[in-house]
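Descriptive structure summary
Single-letter residue listing:
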Amino acid sequence: MVPFLDLSRHVASLKPAIKEGLASVVDSGIFVLGPEIAQFEKNLAEYCGTRFAVACASGSEALLMALMAIDLKPGDEVIVPSFTFFATASAVVRLGGTPVFADICPDSLNMDPADVERKITSRTRAILPVHLFGRAADMEKLDAIAKAHGLELIEDCAQAIGAEAVLADGQNHRVGSMGSIGCFSFYPTKNLGTMGDGGALTTQNEALAEKLKLLRGHGMQPRYFHKIIGINGRLDAFQGIVLNQKFPFLDGWTAERQQIAERYLDLFKSKPALADKIQLPAQASSGRMVWNQFCICTNERNDLEKFLADRKIGTAIYYPFGLHEQECFRYLNYAPEDLPVTYRVSRSILALPIFPGLTSAEQEEVVEGIAEFYK
Ligand SMILES: Cc1ncc(COP(=O)(O)O)c(C=O)c1O
């Protein structure tokens, strides 16, 4: 038996400190925002290499607030990948904008800059790449395209805290520091997770940081004077405690994820019979991958998933369809194979267990299970 995800393992040693932190929140009477959140914002900005960070209620609200901050207007188009979680595109629609779906590259599974360029129109306002599964998108090319066309570049960093890309200056840059705004989720399955919902935005721009803070609290400043229309995007104090307690361990957990990924790659290499059956995740030649997911592709995906489930080996399908195929986006009139790579990958992808605390023996069981399926 191998669980797809076990969140209890990496927090086991932190439990006493987190429980103490929860008690201190109860005693303090400060339940929303407050000093723990302010401390977390400092920690996050420093980690990402940005001047500012603004904590918020979730990754979905972060995306919405980022688009509100750039004054996205009804009718504006935002180019997003179709192969992503729903919130990347729904944020655009919540403001009356139109998501324009770009295809992905078959190796990185991230937004294809060439397709982005093809989809720019006079109505395009922004490009919104996702750093999928812990791998940074091709930010050098996307940044050049955004600059050449005068577009905003907003990063969806939900799955990739700490991932890095190399830009035109030849240097590594952390996700969240390359676009005008970075959007993070701290949903429990993320590499840095809360014990509830949580999110944040990062930016190098002071005016944007101030606007994001205003947007988080109904545009109110001072109390009951509303400068702009905002939302309730505030984060609980308790989540600040959890995030601050966990933060010093993030790089260790990331190193563990990287080791698990390497071990999977070695285990698969030791089974040459699988070489033409399974497409392994491609490793980036530069930058830093943080492995939120380890995904293989295979033509027998559905049967393999069932075979492994029968042996109590957990896997997951991220994502079974491109967003362009979703019922709520039918009005945009995409045919499923309009985005051929997204279509093909969504039918063949399977995520294997990867989380801090996963043992070598469990990894071997996963790979042996796959080898047995193909015997
Ligand atoms: C790529 C991506 N964007 C946005 C989100 C939304 O984050 P949240 O669940 O915190 O609202 C997620 C999280 O599931 C995600 O994976």
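Report on the accompanying structure. (Residues numbered from 1 in each chain as written. Predicted model: local features only at pLDDT ≥ 70, side-chain atom pairs only at ≥ 80, totals over all residues. Heavy atoms only, no water.)

1. Focus: the sheet that holds strand S4 (residues 124–127)
Formally: When DSSP finds two or more bridges between a pair of strands, those strands are recorded as paired. Going along the chain from the N terminus, every DSSP run of H or I of four or more residues is numbered as a helix, and every run of E of two or more is numbered as a strand. Axes, fitted as lines to C-alpha atoms, cover a helix only where it is in contact. Angles between the N-to-C directions of the axes lie from 0 to 180 degrees. Residues count as neighbours in contact if any of their non-hydrogen atoms are within 4.5 Å of one another.
The sheet built from 7 strands is open, its strands ordered S1-S9-S8-S5-S4-S2-S3 with mixed pairing. Because the sheet does not close on itself, it has two edges, and the strands there are strand S1 (52–56) and strand S3 (98–102). If you compare each strand with its neighbour and ignore which way they point, the axes differ by 25° on average. Two strands pair when backbone bridges link them, and strand S2 (residues 77–81) and S3 are joined in this way by 5 bridges, in the parallel orientation. Note on S3: the bridge partner recorded for Pro81 is Ala102. Contacts from helix H5 (residues 87–94) reach S2, S3 and strand S5 (152–156) within the one sheet, and its direction differs from that of S3 by about 150°.

2. Some remarks on the pairing of strand S9 (residues 199–203)
Inclusion rule: Partly exposed describes any residue whose relative accessible area lies between the buried limit of under 20% and the exposed limit of over 50%, with all areas from a 1.4 Å probe on protein chains only and scaled to the type maximum.
With 5 of 5 residues buried, S9 is to be regarded as a mostly interior element. Side chains Gly199, Leu201 and Thr203 of S9 all project onto a buried face; the interleaved residues Ala200 and Thr202 project onto the opposite face, where all are buried too. Where S1 meets S9, 5 bridges bridge the pair, whose relative direction is antiparallel. Among the inter-strand pairings, Val54 is bridged to a residue of S9, identified as Leu201. Judged from the 4 bridges that link them, strand S8 (residues 181–185) and S9 form a sheet pairing that is antiparallel.

3. Structural notes on H5
Along H5, 6 of the 8 residues are buried, which leaves the element largely enclosed by surrounding structure. The inward-facing, buried residues of H5 abut helix H4 (59–69), S2, S3 and S5. Immediately beyond the C-terminal end of H5, within one or two residues, lies Gly96, with a positive phi of roughly 85°.

4. A look at the side chain of Glu362
To keep things clear, this is the line we draw: Polar contacts here mean pairs of N or O atoms no more than 3.5 Å apart (in protein, one a potential hydrogen donor and the other a potential acceptor; neighbouring residues in sequence count only if both atoms are side-chain atoms).
Position of Glu362 among the secondary structure elements: in helix H13 (residues 360–373). Of the polar contacts made by the side chain of Glu362, one reaches the backbone nitrogen of Thr359; its length is 2.9 Å. Non-local contacts of Glu362, meaning those with residues more than four positions away in its chain, are made with Met1, Val2, Pro3, Arg9 and Gly357.

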